[in-house]
Amino acid sequence: NAGVMQNPRHLVRRRGQEARLRCSPMKGHSHVYWYRQLPEEGLKFMVYLQKENIIDESGMPKERFSAEFPKEGPSILRIQQVVRGDSAAYFCASSPDRERWYEQYFGPGTRLTVT
Amino acid sequence: AQSVSQHNHHVILSEAASLELGCNYSYGGTVNLFWYVQYPGQHLQLLLKYFSGDPLVKGIKGFEAEFIKSKFSFNLRKPSVQWSDTAEYFCAVNAKGGNEKLTFGTGTRLTIIP
């Protein structure tokens, strides 16, 4: 049973480019969470999605960041015009449904480096 | 907003030593509490959780944690550690009722010396 998949595992972007991070939830899971871990900090909640719907995006920066979880395919976290401060590890987690939100299974993360 | 403090950044112990990792949270309301572990090269995984009831919670691999409401603490313990417990441990809190967000501490790296 495949776990949560994230790709790419490492991503290098120059300032001003776009970064697209992908997350495929566990089979049967319909809810996805994105977290960001800056150096020397804990994971910080960014956004919570179910298929075709954003449930909570209170942790998302107001500009340049967006997330989606389409009916088909992985969830995408998109960062436009990246800056050095976006360099971090981005983790995705999935849960079976909203009632079992606490059963979050994490992916291996994508490490974004902005040069 | 809630926050979590893990004051021990790196703990080094010998095998068979007892372990206690500190976790304090800041939030005025009722909380759900979690400990996650990340073994080297592996994904973050849930170790144990507290929602209500008995404040002493037992998790996998012999770990337990005690919720002390008056101290806003949820310390992780294990009476006798093994080399395989080498990992990074994260405490997390969720404000009960209203959202499904987890707020994590900065983590404690545990190194067990054989």
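Once a new chain begins, its residue numbering starts again from 1 and follows that chain's sequence as written. The naming scheme follows written order: chains are lettered A onward, ligands numbered 1 onward. Two thresholds apply to this predicted model, a pLDDT of at least 70 for residue-level local features and 80 or more for giving and counting side-chain atom pairs, whereas whole-chain, interface and lining totals are computed over all residues. By convention in this description, side-chain values take in all heavy atoms of the structure and omit both hydrogens and water.

**Section: the overall build of chain A**
Secondary structure summary: chain A contains zero helices and 11 strands in total. Only runs of H or I of at least four residues qualify as helices and only runs of E of at least two qualify as strands under DSSP, and these elements are numbered from the N terminus. When the helices and strands of chain A are placed in sequence order, the string is β-β-β-β-β-β-β-β-β-β-β. Radius of gyration: over C-alpha atoms. The globule rule applied is 2.2 Å multiplied by the number of residues raised to the 0.38 power. The C-alpha atoms of chain A give 13 Å as radius of gyration, which agrees with the globular expectation for 115 residues (13 Å, within 12%). For chain A, buried positions account for 48% of its 115 residues. In this scheme, a residue with accessible area under 20% of its type's maximum is buried, one over 50% is exposed, and one in between is partly exposed, where area comes from a 1.4 Å probe on protein chains only.

**Observations regarding the sheet that holds strand S3 (residues 19-24) of chain A**
Residue and element names in this part refer to chain A. Pairing is antiparallel across the open sheet formed by four strands, whose spatial order is S1-S3-S8-S7. The strands lining the two open edges of the sheet, one partner per strand, are strand S1 (5-7) and strand S7 (65-68). Across this sheet, the average inter-strand angle for adjacent strands is 15 degrees, counted without regard to direction. Looking at chain direction, S3 and strand S8 (residues 75-79) are connected through five bridges and run antiparallel. Its bridge partner being in S8, Ala 19 is matched across the sheet by Ile 79. Between any two strands, at least two bridges found by DSSP are needed for them to pair. Think of each axis as a best-fit line through the C-alpha atoms, taken over the contacting stretch in the case of a helix, with angles from 0 to 180 degrees between the N-to-C directions.

**Describing the environment of Thr 106 of chain B**
Take Thr 106 of chain B: it is sitting in the loop between strand S11 (103-104) and strand S12 (108-113). Relative accessible area serves as the criterion here: at 31%, Thr 106 of chain B is assigned to the partly exposed category. Each C-alpha atom of the pair Thr 106 of chain B and Gln 6 of chain B lies 6.4 Å from the other, and the pair is 100 residues apart in sequence. When checking whether two residues touch, look at their non-hydrogen atoms; a contact exists if any pair is within 4.5 Å. Sequence-distant contacts of Thr 106 of chain B, defined by excluding residues within four places in its chain, comprise Glu 40, Glu 41 and Gly 42 of chain A together with Gln 6, His 9, Glu 88 and Phe 90 of chain B.

**Notes on the state of the cysteines**
Disulfides are defined in this document as cysteine sulfur pairs within 2.5 Å. All told, the structure shown has two disulfides over all chains when counted by the stated rule. In this model, Cys 23 of chain A is linked to Cys 92 of chain A through a disulfide, with the two sulfur atoms separated by 1.7 Å. Since a negative S-S torsion denotes a left-handed disulfide, the Cys 23 of chain A-Cys 92 of chain A link at about -45 degrees is left-handed. Of this pair, Cys 23 of chain A sits in strand S3 while Cys 92 of chain A sits in strand S9 (residues 88-95); the two residues are 69 residues apart in sequence, bridging distant segments of the chain. With relative accessibility at 0%, the residue Cys 23 of chain A sits in the buried group. Two residues share a disulfide in this structure: Cys 23 of chain B and Cys 91 of chain B, whose sulfurs sit 1.9 Å from each other. Disulfide Cys 23 of chain B to Cys 91 of chain B: torsion about the S-S bond roughly -65 degrees, handedness left-handed. One end of the pair, Cys 23 of chain B, is in the loop between strand S3 (19-21) and strand S4 (24-26); the other, Cys 91 of chain B, is in strand S10 (residues 87-95), and 68 residues separate them in sequence.

**Describing unusual backbone geometry**
The omega torsion of the bond from Asn 7 of chain A to Pro 8 of chain A falls at -5 degrees, within 30 degrees of zero and hence cis. The phi angle at Glu 52 of chain A is positive, at roughly 65 degrees, despite the residue not being glycine. For Glu 52 of chain A, the position within the fold is in the loop between strand S5 (43-50) and strand S6 (53-56). The class of Glu 52 of chain A is exposed, set by a relative accessible area of 61%. The residue Lys 61 of chain B is not glycine, and still its phi comes out positive at about 60 degrees.

**Digging into the layout of surface pockets**
In this structure, the largest pocket spans a volume of roughly 620 Å³. Cavity means a closed set of points on a 1 Å grid over the protein atoms alone, one where a 1.4 Å probe fits but cannot get out, pocket means an open set with protein on both sides within 12 Å along at least 5 of 7 lines, and lining means a residue has an atom within 4 Å of a point. Lining the largest pocket are 25 residues, with Gln 37 and Arg 111 of chain A together with Gln 38, Glu 88 and Arg 109 of chain B sitting closest to its centre. Within the residue set of the lining of the largest pocket, elements represented by two or more residues are S9 and strand S11 (110-114) of chain A together with S10 of chain B. Of the residues forming the lining of the largest pocket, the biggest block, three residues, is contributed by S9 of chain A. Any residue outside Ala, Val, Leu, Ile, Met, Phe, Trp, Tyr, Cys, Pro, Asp, Glu, Lys and Arg is labelled polar, Gly included; the first ten of those are nonpolar and the last four are charged. Tallied by class, residues from the lining of the largest pocket come to 10 nonpolar, nine polar and six charged. The wall of the second largest pocket is formed by 15 residues, among which Leu 43 and Lys 44 of chain A together with Gln 2, Thr 103 and Phe 104 of chain B lie closest to the centre. Looking at the lining of the second largest pocket, the elements with two or more residues in it are S5 of chain A together with strand S1 (3-5) and S11 of chain B. It is S5 of chain A that contributes the most residues to the lining of the second largest pocket, three residues altogether. Grid points are joined across faces, edges and corners, and a volume is the space filled by probe spheres set on the points.

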